[in-house]
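Overview (structure and organization)
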There are 4 protein chains.
Amino acid sequence: MTEGTTRLETFSDGVFAIAATLLVLEFSVREASGARLGHELLHLWPSYFAYVTSFLTIGIIWINHHYCVATLARCDRVLMFLNLILLLTVGFLPFPTKLVAQYLQQPGEQAAVLAYGATFIVMSIVYNTWWRYASHNRRLIRDDVPDSTVRAISRAFNPGVPMYTVVFLIAFVSPLASVILTFAIAAFYLPSAALFTER
Amino acid sequence: MTEGTTRLETFSDGVFAIAATLLVLEFSVREASGARLGHELLHLWPSYFAYVTSFLTIGIIWINHHYCVATLARCDRVLMFLNLILLLTVGFLPFPTKLVAQYLQQPGEQAAVLAYGATFIVMSIVYNTWWRYASHNRRLIRDDVPDSTVRAISRAFNPGVPMYTVVFLIAFVSPLASVILTFAIAAFYLPSAALFTER
Amino acid sequence: MTEGTTRLETFSDGVFAIAATLLVLEFSVREASGARLGHELLHLWPSYFAYVTSFLTIGIIWINHHYCVATLARCDRVLMFLNLILLLTVGFLPFPTKLVAQYLQQPGEQAAVLAYGATFIVMSIVYNTWWRYASHNRRLIRDDVPDSTVRAISRAFNPGVPMYTVVFLIAFVSPLASVILTFAIAAFYLPSAALFTER
Amino acid sequence: MTEGTTRLETFSDGVFAIAATLLVLEFSVREASGARLGHELLHLWPSYFAYVTSFLTIGIIWINHHYCVATLARCDRVLMFLNLILLLTVGFLPFPTKLVAQYLQQPGEQAAVLAYGATFIVMSIVYNTWWRYASHNRRLIRDDVPDSTVRAISRAFNPGVPMYTVVFLIAFVSPLASVILTFAIAAFYLPSAALFTER
């Protein structure tokens, strides 16, 4: 039932693209910044930083999602459900991104960054579950996909949850370091995610 | 005229995906929450709750919509019109969702939850009419779709309007209970909606 | 070059769906409406009215657009340009819709409704030009499309600009009547637009 | 691997369409403009100007993007990465557009227009890099695409970065002239961009 996986992809792609583009709505400058606008724009760096980090992360999830779905022979009710939960967490990302943009280096930054980190933890748990369910005993995997490919994808999923848990815990010590690490993960993962596209 | 049903699906999918993703814009924290941000984020639970409920409901409508459209041989002017009205109600959902997010457990919660419930009633009346019109005397149904499938879908549509009417009426007694029930309906319907995808 | 017309349709559909769904962002209630929320929601009727009117109008443009594009053999540089201008005006619609929603029956309603009417005039001029250019001497029309079809579409386009000009002028006398007429045009055009889909 | 390029296009088209449509959210009038609304709407001309300029520019990038992708035989990991960075800059455009809309002819206009110009510089650097990478030694170009086509596209890309650098520098002397020039570039490029579609 490849028809089922096409459907899965179209709706998911829509949510990924919209969530990524809605991130821009986090940017705002105080009303009537006037002559100090230039100064204010430079001090928006937490907004730029959070925007790039979240945008790249959604991009990676999108690239990986396509690659994973391409290995599926069909889609069943549980995967459909897990996929909806995944989209629910990706669609939620603009809110914690906005919190980081507004509160980083301000009072309240720890709560903002913890919310950001928690969202990434939940997202990677759901995404891992999504893939484990599809690939367990090759439940939904196409016959012509070699075991080695399935194992390679599973290995790529492994570090997600522990990495974001560390990022979350670091926010208790240094919120800024936590966001930098979230960015570093995206920057590091991007080439390997894009790598999938070449095969 | 399957070309006509493809068209129906593409535009509908776009509106479903955008409406679901716009739900995130309901979230907001008071300006300058500062050090109390963590506290404030925890007290946003009505926002999280309303977000999940509306997102899942749109997801279910989307999954069912695909399944129903797949049974159609063609699309006529009335169905096109009914579909536009359905999209109009789905596209409206972010507003009552925001009302519930802002007013639940606050003064005004009853009006907010009644607006939320009324939206679901209208949505299920329109969606029912959409399906009744398409399936009445197999008006637009494909020849190779068995009667039993048509009847099964009709049966799945039956409880929608009465259920949401009860949910609406409960809001007069307890707004919170009404929202919990709306969530429960989504959670309960989701597996059976996803079930369609397997056939 | 049907590839060219597919491209035209995909991007256009995206803008139509997003513009229609963004209309919901016009709705807002005063902060802390509290116990008077129910009262306030009832007084939002200009918002509901403007939302339905704009949503249906975008829906009609979308349905007609598909039908017109289906008669094209190819797309050239001028049509691509005119189409972009059409999307620019459709993408702008949420702003005057918001003005009508906020100012109808308030001081300033005349300016708001004139802006709304002017947008519809520009939109119908651009859309007419779009179709006249494509159909003039059958410039871009597919060989297998009969002349009678081209003439029927042209006839359907004819009343657009004069009708919206009247609607605009009426706003000088009665802004409310002008908006009611805009809605009536959408409601009246919808079945005939949907009618296209049946052929 | 044309499958890879289809994927590239679908996600890119989504982001282009959404970014263009989100531009409308920049428009706002002061609360309670009341009877002076008409006056205020006329004074919003920097908003209209910025909206049209940004919308047309995104339209041109979209048309060119399709034309360039149509020359590609496949997509590799670096192009996927560069494309994501391109989408990141296009998705960011609504923010500097909003700054220009709010600050042009107001204190702070220079900072706003510099931010606008800088975004276009970054966008054209990324887009140039995207194409140089794909076309260098015909790395990803389809065998049936003649060298002359590749060279023609490269020539069309050449003026981008220097032109937007000049536009940026002009903002130090006259912010208004800088925005007028940005609009002129879009208006001038549009026909030649659309020209691609005819071949």
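Remember, predicted model here, so these are calculated numbers, not experimental data.

Tallying secondary structure elements over chain A gives 9 helices and 0 strands in all. For chain A, the succession of helices and strands along the chain, N to C, is α-α-α-α-α-α-α-α-α. For a compact globule of 199 residues, the expected C-alpha radius of gyration is about 16 Å, and chain A comes in at 18 Å, within 12% of that figure. With the C-alpha coordinates of chain A rotated into their principal frame, the extents come out at 65 × 30 × 30 Å. The 199 residues of chain A split such that 54% are buried. Of all intrachain contacts in chain A linking residues separated by at least 6 positions in sequence, the fraction that spans at least 24 positions is 81%.

Facing 26 residues of chain C, the contacting portion of chain D comprises 28 residues. Residue assignment for the side of chain C that touches chain D shows that the elements contributing at least two residues are helix H1 (2-22), helix H4 (77-92), helix H5 (94-103) and helix H6 (109-135) of chain C. In terms of residue count, the dominant contributor to the side of chain C that touches chain D is H1(C) (9 residues). Partitioning the side of chain C that touches chain D into residue classes produces 18 nonpolar, 5 polar and 3 charged.

We now examine the relation of the copies chain C and chain D. Expressed as a screw operation, the relation of chain C to chain D combines 0.0 Å of axial shift with a rotation of 90°, fitting to an RMSD of 0.0 Å. A rotation of that kind, with that shift, is consistent with a four-fold axis.

With respect to C-alpha atoms, chain A approaches chain C no nearer than 9 Å, and the pair has no contact. Considering only C-alpha positions, the minimal separation of the non-contacting chain B and chain D is 10 Å.

Now for the interface of chain C and chain B. Counting residues at the interface gives 29 residues for chain C and 26 residues for chain B. Residue assignment for the side of chain C that touches chain B shows that the elements contributing at least two residues are H1, helix H2 (37-42), helix H3 (45-69) and helix H9 (175-196) of chain C. Top contributing element to the side of chain C that touches chain B by residue count: H3(C), with 8 residues.

This part covers the relation of the copies chain C and chain B. Least-squares fitting of chain C to chain B yields an RMSD of 0.0 Å, with the transformation described by 0.0 Å of translation along the axis and a rotation of 90°. Looking at the interface residues of chain C, only 7% of them are also at the interface in chain B, so each copy uses its own face.

With that settled, consider the packing of helix H6 (residues 109-135) of chain B against helix H8 (residues 160-173) of chain B. Residues and elements named next belong to chain B. As a packed pair, H6 and H8 sit with axes 9 Å apart at the nearest point and diverge in direction by 170°. As judged from the angle between their axes, H6 and H8 are roughly antiparallel. Each of Gln110, Val113, Leu114, Gly117, Ala118, Phe120, Ile121, Ser124, Ile125, Tyr127 and Asn128 in H6 lies in contact with H8, whose residues at this interface are Gly160, Val161, Tyr164, Thr165, Val167, Phe168 and Ala171. Within the contact of H6 with H8, the residues separate by chemical class into 12 nonpolar, 6 polar and no charged.

As a further point, take helix H3 (residues 45-69) of chain D. Helix length check: H3(D), at 25 residues, gives a terminal C-alpha distance of 36 Å against a target of 36 Å (1.5 Å per residue), a fit within 8%. Most of H3(D) sits inside the fold, with 19 of its 25 residues counted as buried.

A positive phi angle, close to 55°, is found at Arg138(A), a residue other than glycine. For Arg138(A), the position within the fold is in the loop between helix H6 (109-135) and helix H7 (147-157). Look at Arg138(A) and you get partly exposed, because 14 C-beta atoms sit within 10 Å. Although it is not a glycine, Gln105(B) sits at a positive phi angle of roughly 70°.

All names here are of chain B. Positionally, glycine 160 belongs in helix H8. For glycine 160, a count of 19 C-beta atoms within 10 Å corresponds to the partly exposed category. Separated by 141 residues in the primary sequence, glycine 160 and alanine 19 have C-alpha atoms spaced 21 Å apart.

The subject of this paragraph is the confidence of the model for chain A. The predicted coordinates should not be examined in detail at positions where pLDDT is low. With 92% of its residues at a pLDDT of 70 or more, chain A has an overall mean of 88. Predicted complex, confidence summary: ipTM 0.88, pTM 0.91.

For the rest of this paragraph, the subject is helix H4 (residues 77-92) of chain A. Between its first and last C-alpha atoms H4(A) spans 23 Å; for 16 residues at 1.5 Å apiece the expected length is 22 Å, and the two agree. Within H4(A), 13 of the 16 residues are buried, which leaves the element mostly enclosed by the surrounding structure.

Now for the environment of Ala177(D). Mapped onto the elements, Ala177(D) comes out in helix H9 (residues 175-196). It is 8.4 Å that separates the C-alpha atoms of Ala177(D) and Val167(D), two residues lying 10 residues apart in sequence.

Attention shifts here to the packing of helix H5 (residues 94-103) of chain B against H6(B). Residues and elements named next belong to chain B. For the pair H5 and H6, the least separation of the axes is 8 Å and the interaxial angle reads 155°. On the basis of their axis angle, the class for H5 and H6 is roughly antiparallel. In this structure, H5 meets H6 at a crossing whose hand is left-handed. Contact with H5, carried on its side by Pro96, Leu99, Val100 and Tyr103, involves Glu109, Ala112, Val113, Ala115, Tyr116 and Thr119 of H6 and no other residues of that element. Here the contact of H5 with H6 is built from residues that sort into 8 nonpolar, 1 polar and 1 charged.

Glancing now at the environment of His66(D). Counting through the fold element by element, His66(D) comes out in helix H3. With 53 residues separating them in the primary sequence, His66(D) and Asp13(D) have C-alpha atoms 8.9 Å apart. Apart from residues lying up to four places away in sequence, His66(D) is in contact with Arg7(C) and Glu9(D).

The rules behind these values
- Residues numbered from 1 in each chain as written.
- Chains lettered and ligands numbered in written order.
- Predicted model: local features only at pLDDT ≥ 70, side-chain atom pairs only at ≥ 80, totals over all residues.
- Helix = DSSP H or I, 4+ residues; strand = E, 2+ residues; numbered from the N terminus.
- Rg over C-alpha atoms; globule rule 2.2 N^0.38 Å.
- Buried ≥ 20, exposed ≤ 12 C-beta atoms within 10 Å, placed from the backbone.
- Contact = placed C-beta atoms within 7 Å.
- Nonpolar A, V, L, I, M, F, W, Y, C, P; charged D, E, K, R; others polar.
- Least-squares fit on C-alpha atoms with pLDDT ≥ 70 in both.
- Axes fitted to C-alpha atoms, helices over the stretch in contact; angles between N-to-C directions.
- Parallel < 35°, antiparallel > 145°, perpendicular 65-115°, else oblique.
- Expected span 1.5 Å × (residues − 1).
- pLDDT = per-residue confidence, 0-100.
- Left-handed = near helix turned anticlockwise from the far one by under 90°.

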